[in-house]
Amino acid sequence: MKKSTEITKMRQRLLDWYDAQGRELPWRVRPEARAAGVQADPYAVWLSEIMLQQTTVPHAAPYWKKFLAAFPTVSDLAHAERDTVLAMWAGLGYYARARNLHKCAKMINDELGGTFPKTEAELLNLPGIGPYTAATIAAICFDEATNIVDGNVQRVVSRIFKIEDPLPKEQKTYRDHAAMLASPQRAGDYGQALMDLGATLCSPRSPKCELCPWQPHCAAYKDGQQTDYPKKTKKAKLPLRRGAVFVLFSKGHVLLERRPDKGLLGGMMGFPGTPWGEAPAAPLEAAPMKRNWEKCEGEVRHIFTHFELRLDVYTAQISEMIEGEWAKLSDIKSYALPSVMTKCLSLTGKA
Ligand code: SF4
């Protein structure tokens, strides 16, 4: 537990550090611009936060720029074809986010007149916006004094307080400790400062404590135990699923199939194949046609959140295109192929 005088000092130290050292990010309004009256655009912040949920700033930034160029407003995004949005998202993974992004834009356009809600509570009613994103948009764009907690923030508070409760089970303990520190003044800058601290100084393996504005307040630093935190429950080994896909070529085209809307990679394009589960006993029965299918050497391995997938890839060439959705190989990048399917295509050596 920390005294309120210490907490006040910590907030000020962090904000001072942020004013001098905070990151410049394309979607960010720096404190000097804020002071001059520039406001963060909730549409731009929302896009960045959804993209950043499972990836890094350098990977997400080009996608963010591409989306803003193609859809400068939330209404532009709402009016886009869903397939166009999915295709532009390809490579960012976790495609449910892209579907929700589009759904959310439509809701804001159709039901809220194209204007983002201004409070955490209202933002939480939108599809694809969870507690972290709602708290972040409300703080950054509307200066609501929310409690922003992501993985970076959890790591910082775990070290400041030496929290013994393990993640991911005991999320509430981390939220409660972060709430103790959260600043009611300059809430948006404070939230971004704390995320920056976690991302740039308080790294998982080699924190730069000598540069940290919270070093005098950090219990783990004091005891030389920084990397012992956060405590985590041991990850169970991911279950293994297997399957087979069929990559059929004809006249410079490849046969695709749209996956069902519901479920993993819902609505995305892929190759025909078996269900994923036990190793298929007779995989060729799921092939789109009888043919001399050739099994590619090796297999595709892909990690999803809840399981590991291994796919055998079969390939064949035909001279006449059968009925189905054929994609020009030279144009394959414009299809919303998820990474696992791109890996399958690569294994054939034909693209
Ligand atoms: S002193 Fe080190 S471990 Fe503690 S918050 Fe700062 S960077 Fe993290």
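**Student:** Just to check I follow, could you spell out the site of the ligand for this structure?
**Tutor:** Every residue near the ligand is listed here: R159, I160, C202, C209, C212, Q215, C218, Y221 and Q226. If you map the ligand onto the pockets, it falls in the largest cavity. Here the shell around the ligand is built from residues that sort into six nonpolar, two polar and one charged.

**Student:** What's the story with helix α3 (residues 42-52) in this structure? I'm lost.
**Tutor:** An α-helical segment advances 3.6 residues per turn. Residues three or four places apart therefore align on the same side. Within α3, ten of the eleven residues are buried, which leaves the element mostly enclosed by the surrounding structure. Those residues of α3 that sit buried are P42, Y43, A44, V45, W46, L47, S48, E49, I50 and M51. If you check the start of α3, you find a side-chain oxygen 3.0 Å away from the backbone N of Y43, and it comes from D41.

**Student:** Sorry if this is basic, but what is going on with the pattern of salt bridges here?
**Tutor:** Should their charged atoms come close, side chains of opposite charge can pair. Applying the stated criterion to the full structure yields 19 salt bridges. Between E320 and K251 there is a salt bridge, with the nearest N and O atoms lying 3.7 Å from each other. Taken together, the positions of E320 in the loop between β6 (308-317) and β7 (325-328) and K251 in the loop between β1 (240-250) and β2 (253-258) put the pair 69 residues apart, joining distant regions of the chain. Exposure class is identical for E320 and K251. Each is exposed. Between E308 and R310 there is a salt bridge whose closest N-O contact spans 3.0 Å. Comparing E308 with R310, the two get one shared label, buried.

**Student:** Help me understand empty space enclosed by the protein in this model?
**Tutor:** The gaps left among the atoms become clear once a water-sized probe is rolled over them. Counting across every chain of the model gives two cavities of 30 Å³ or more. What the largest cavity holds in volume is close to 120 Å³. It is helix α10 (residues 151-161) that provides the largest number of residues to the lining of the largest cavity, a total of three residues. Forming the walls of the second largest cavity are T146, N147, I148, V153, A178, A182, S183, A187, Y190, G191 and L194. Ranked by residue count, the leading element in the lining of the second largest cavity is helix α12 (residues 187-201), at four residues. Of the residues in the lining of the second largest cavity, the class split is seven nonpolar, four polar and no charged.

**Student:** Explain the nonpolar core here, please?
**Tutor:** The nonpolar side chains of soluble globular proteins are, as a tendency, buried together. Core analysis: the biggest nonpolar cluster contains 69 residues, and W46, M51, F67, L77, W89, V254 and F271 have the highest contact counts within it. Residues within four places of W46 in sequence aside, it is in contact with V74, L77, L101, C104, A105, F116, I129 and I137.

Cut-offs and rules
- Residues numbered from 1 in each chain as written.
- Predicted model: local features only at pLDDT ≥ 70, side-chain atom pairs only at ≥ 80, totals over all residues.
- Heavy atoms only, no water.
- Near = heavy atom within 4 Å.
- 1 Å grid on protein atoms, 1.4 Å probe; cavity = no way out; pocket = protein on both sides within 12 Å on 5 of 7 lines; lining within 4 Å.
- Sits in = over half its atoms within 2 Å of the grid points.
- Nonpolar A, V, L, I, M, F, W, Y, C, P; charged D, E, K, R; others polar.
- Buried < 20%, exposed > 50% of the residue type's maximum accessible area, 1.4 Å probe, protein only.
- Helix = DSSP H or I, 4+ residues; strand = E, 2+ residues; numbered from the N terminus.
- Polar contact = N/O pair within 3.5 Å; in protein donor to acceptor, adjacent residues only side chain to side chain.
- Salt bridge = Lys/Arg side-chain N within 4 Å of Asp/Glu carboxyl O.
- Points joined across faces, edges and corners; volume = space filled by probe spheres on them.
- Core = buried A, V, L, I, M, F, W, Y, C linked by side-chain atoms within 4.5 Å.
- Contact = heavy atoms within 4.5 Å.

Functional significance is not addressed by these values, which are geometric in nature.
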